[in-house]
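Now for the letters of each chain:
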Amino acid sequence: MNILARIFLLFALLVSGFSFGFAPVRADELPEDTNEIESLTPEQARKLAEEFPDILSLNGLTTLSDGAAKALGHHKGTLDLNGLTALSDEAAKALAQREGTLSLDGLTTLSDEAAKALAHNKGILGLNGLTVLSDEAAEALARHEDSLFLESIKTFSDKAAAALANHRGYLHLYELTELTNPELAAHLAKNNYRLSLNRLTTVPDEVAKALSRHKGFELELNGLTTLSEEAAKAIAQHEGRFLHLDGVTKLSDEAAKSLARHKGEWLDLGSLTTLSDAAAEAFAQRERYLRLDGLTTLSDEAAKALGHHRGTLKLDGLTKLSDEAAKSLGKHKGTLHLSGLTALTDDAAKALAEFKGEYLYIDGLTTLSAKAAQALKANPAIVLPAPFQR
């Protein structure tokens, strides 16, 4: 075969290849950063799946053909497709054949058929863009057996909640604003790490009991503004290290006494605006990090009780302190935060200057006599504002 005939044959093969969609893909045809890829042919998808077997991020794609989805279905690592705004049922079926994490956080809606398909994905499934989920889709996704992320959904129907309660893997629903199904709460409590439900503003007592069985190290319920005595008693049984109730503004003495019995090392009640003497005494009994920054005033009796607290005590909301209260708090043996104070009397400063704990933060002071400043400055455990450290 002469040279001219060979050239003609090669040209013919290339043309036929382009006609049938099998054109060779060169590395320089795609951006080096895979997240900058905006369109993908099936052959390009296949090639990328081979080149990036562990993690393939294609967050620049807003659409995905069924053919490209089928090619990506052979990828077995982490696949990020968070730019997709729509997904056909066929594409969902193709992607679900793969093994590994699949992230589709750009989807805001999902058909029931697509949900049925994605439930077969063998790995973590991220659908954090979904804001609604039909009962049928919930029933389908409940059959998914790994971690399922649905972090934008705020409410579920009773039927959907009952279905998801049977999900076998970890279920992440951080944006829930309503949780009334104890079974779903119990399922969420299976999370062995942090359980964060900060959008809930109320919890029925039965739900509180279910959440109290959470075995992870941290429970966050910062959206609650009130807590019944029964709910407080239940949540106090939580066995984790950290309990956050930063939105609660008031507690009955019985509720406070229950929470004080929590065995963790961190109790966050940073929005509590009032504290009875009895509650203060209860909270002072256990060594832990105790945050009470919502208090703007403190009785002398409450201060006397908290002076016996061990650990870190945050009272940064206090704007004034009586001499007697200063004397009591000065006996605190841990770390004490009083950064909200702007002034101290000489007697209060003298009492705090006797502080023998780890650190005392009074770094919000703006007014202090020379005598008071001298007394406080002499204690190396006391942190003062720069002007008073000279």
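Use the structure listed above.
These numbers come from a predicted model, not from an experiment. (Residues numbered from 1 in each chain as written. Predicted model: local features only at pLDDT ≥ 70, side-chain atom pairs only at ≥ 80, totals over all residues. Heavy atoms only, no water.)

Points about the overall build of the chain
Alright, step 1. Along the chain, the regular secondary structure elements total 16 helices and 15 strands.
Alright, step 2. For 390 residues, the compact-globule estimate of 2.2 N^0.38 gives 21 Å, and the chain exceeds it by more than 25% at 30 Å.
Alright, step 3. Buried positions account for 49% of the 390 residues belonging to the chain.
Alright, step 4. A gap of 6 Å separates the mean positions of the 41 positive and 54 negative side-chain charges of the chain. (Helix = DSSP H or I, 4+ residues; strand = E, 2+ residues; numbered from the N terminus. Rg over C-alpha atoms; globule rule 2.2 N^0.38 Å. Buried < 20%, exposed > 50% of the residue type's maximum accessible area, 1.4 Å probe, protein only. Lys, Arg positive; Asp, Glu negative; His and termini not counted. Charge placed at Lys NZ, Arg CZ, Asp CG, Glu CD.)

Quick word on the sheet that holds strand E13 (residues 335-337)
Sheet strands pair by backbone hydrogen bonding; their relative direction is either parallel or antiparallel.
Alright, step 1. With parallel pairing, nine strands are arranged side by side in an open sheet as E7-E8-E9-E10-E11-E12-E13-E14-E15. Every other strand in the sheet has two partners, leaving strand E7 (194-196) and strand E15 (382-383) as the edge strands with one partner each.
Alright, step 2. Bridge analysis of strand E10 (residues 266-268) against strand E11 (residues 289-291) gives three bridges, and the strand direction is parallel. Across the sheet, residue Trp266 finds its bridge partner in E11, namely Tyr289. (Pairing = 2+ DSSP bridges.)

As for the nonpolar core
Alright, step 1. Formed by 122 residues in total, the largest nonpolar core has its most connected members in Leu81, Leu127, Phe283, Leu306 and Leu315.
Alright, step 2. For Phe283, the contacting residues outside a window of four places in its chain are Leu251, Ala256, Leu259, Ala260, Leu267, Leu269, Leu275, Leu290 and His309. (Core = buried A, V, L, I, M, F, W, Y, C linked by side-chain atoms within 4.5 Å. Contact = heavy atoms within 4.5 Å.)

A short note on the pattern of salt bridges
Alright, step 1. Under the criterion given, the structure shown has 18 salt bridges.
Alright, step 2. One salt bridge connects Asp268 with Arg291, and the closest N-O pair in it is separated by 3.0 Å. You can see Asp268 sitting in strand E10 and its partner Arg291 sitting in strand E11, a full 23 residues away along the chain.
Alright, step 3. Sharing partners across several salt bridges, the network here consists of Asp246, Asp268, Arg291, Asp293, Lys314 and Asp316. (Salt bridge = Lys/Arg side-chain N within 4 Å of Asp/Glu carboxyl O.)

With respect to the sheet that holds strand E5 (residues 148-149)
Alright, step 1. The parallel open sheet is built from six strands, whose spatial order is E1-E2-E3-E4-E5-E6. The open sheet is flanked by strand E1 (55-57) and strand E6 (171-172), the only strands paired with a single partner.
Alright, step 2. By the bridge criterion, two bridges tie E5 to E6 in an arrangement that is parallel. The residue bridging Phe149 from the neighbouring strand is His172, located in E6.

What to know about the environment of Ile153
Alright, step 1. Along the chain, the position of Ile153 falls in the loop between E5 and helix H7 (158-164).
Alright, step 2. The exposure class assigned to Ile153 is buried, which follows from its relative accessible area of 0%.
Alright, step 3. Look past the residues within four positions of Ile153 in its chain and what remains in contact with it is Leu130, Thr131, Val132, Leu133, Glu175 and Leu176.

Looking at the environment of Phe242
Alright, step 1. Along the polypeptide, Phe242 turns up in strand E9 (residues 242-244).
Alright, step 2. Overall, Phe242 belongs to the buried group, its relative accessible area being 15%.
Alright, step 3. Measuring from C-alpha to C-alpha, the distance between Phe242 and Leu224 comes to 16 Å, with 18 residues separating the pair along the chain.

Some points on a negative patch on the surface
Alright, step 1. On the surface, a cluster of negative charge is made up of Asp277, Glu281, Asp300, Glu301, Asp323, Glu324, Asp346 and Asp347.
Alright, step 2. Only helix H12 (277-283), helix H13 (300-306), helix H14 (323-329) and helix H15 (346-352) provide two or more residues apiece to the negative patch.
Alright, step 3. Here Glu281 shows up in helix H12.
Alright, step 4. Residue classification places Glu281 among the partly exposed residues on the basis of a relative accessible area of 48%. (Patch = residues over 30% accessible without salt bridge, like charges linked within 9 Å, V, L, I, M, F, W, Y side chains within 5 Å. Areas by Shrake-Rupley, 256 points an atom, 1.4 Å probe, with all protein chains shown as cover.)

Quick word on helix H16 (residues 370-377)
Alright, step 1. Every buried residue of H16 is listed here: Ala372, Ala373 and Leu376. Along H16, the residues classed as buried sweep out an arc of 100° about the axis, all on the same side. In H16, the exposed residues that point more than 90 degrees away from the buried face are Ala370 and Lys371.
Alright, step 2. Check the buried side of H16 and you find it contacts H15 and E15. (Arc of directions from axis to C-beta.)

Some words on the environment of Leu150
Alright, step 1. Its place among the elements puts Leu150 in the loop between E5 and H7.
Alright, step 2. As a C-alpha pair, Leu150 and Glu51 span 99 residues in sequence and 30 Å in three-dimensional space.
Alright, step 3. When residues no more than four places from it in sequence are discounted, the contact partners of Leu150 are Leu127, Asn128, Leu130, Leu133, Leu171, His172 and Leu173.

A word on the packing of aromatic side chains
Alright, step 1. Scanning the model with the defined rule gives five aromatic pairs in all.
Alright, step 2. Geometrically, the ring pair formed by Tyr170 and Tyr193 is edge-to-face, given 6.5 Å between the ring centres and 75° between the ring planes. Residue Tyr170 is located in the loop between H7 and E6, and its partner Tyr193 is located in the loop between helix H8 (182-188) and E7; the two are separated by 23 residues in the primary sequence.
Alright, step 3. Accessibility expressed as a relative area gives 27% for Tyr170, which makes it partly exposed.
Alright, step 4. Ring geometry for Tyr359 against Tyr361: centres 6.3 Å apart, planes inclined by 40°, an arrangement best described as tilted.
Alright, step 5. Exposure remark for Tyr359: the relative accessible area of 44% places this residue in the partly exposed category.
Alright, step 6. In textbook terms, an aromatic cluster arises when at least three aromatic residues are bridged by ring pairs, as seen for Phe217, Phe242, Trp266 and Tyr289. (Phe/Tyr/Trp six-rings, centres within 6.5 Å; stacked < 30°, edge-to-face > 60°.)

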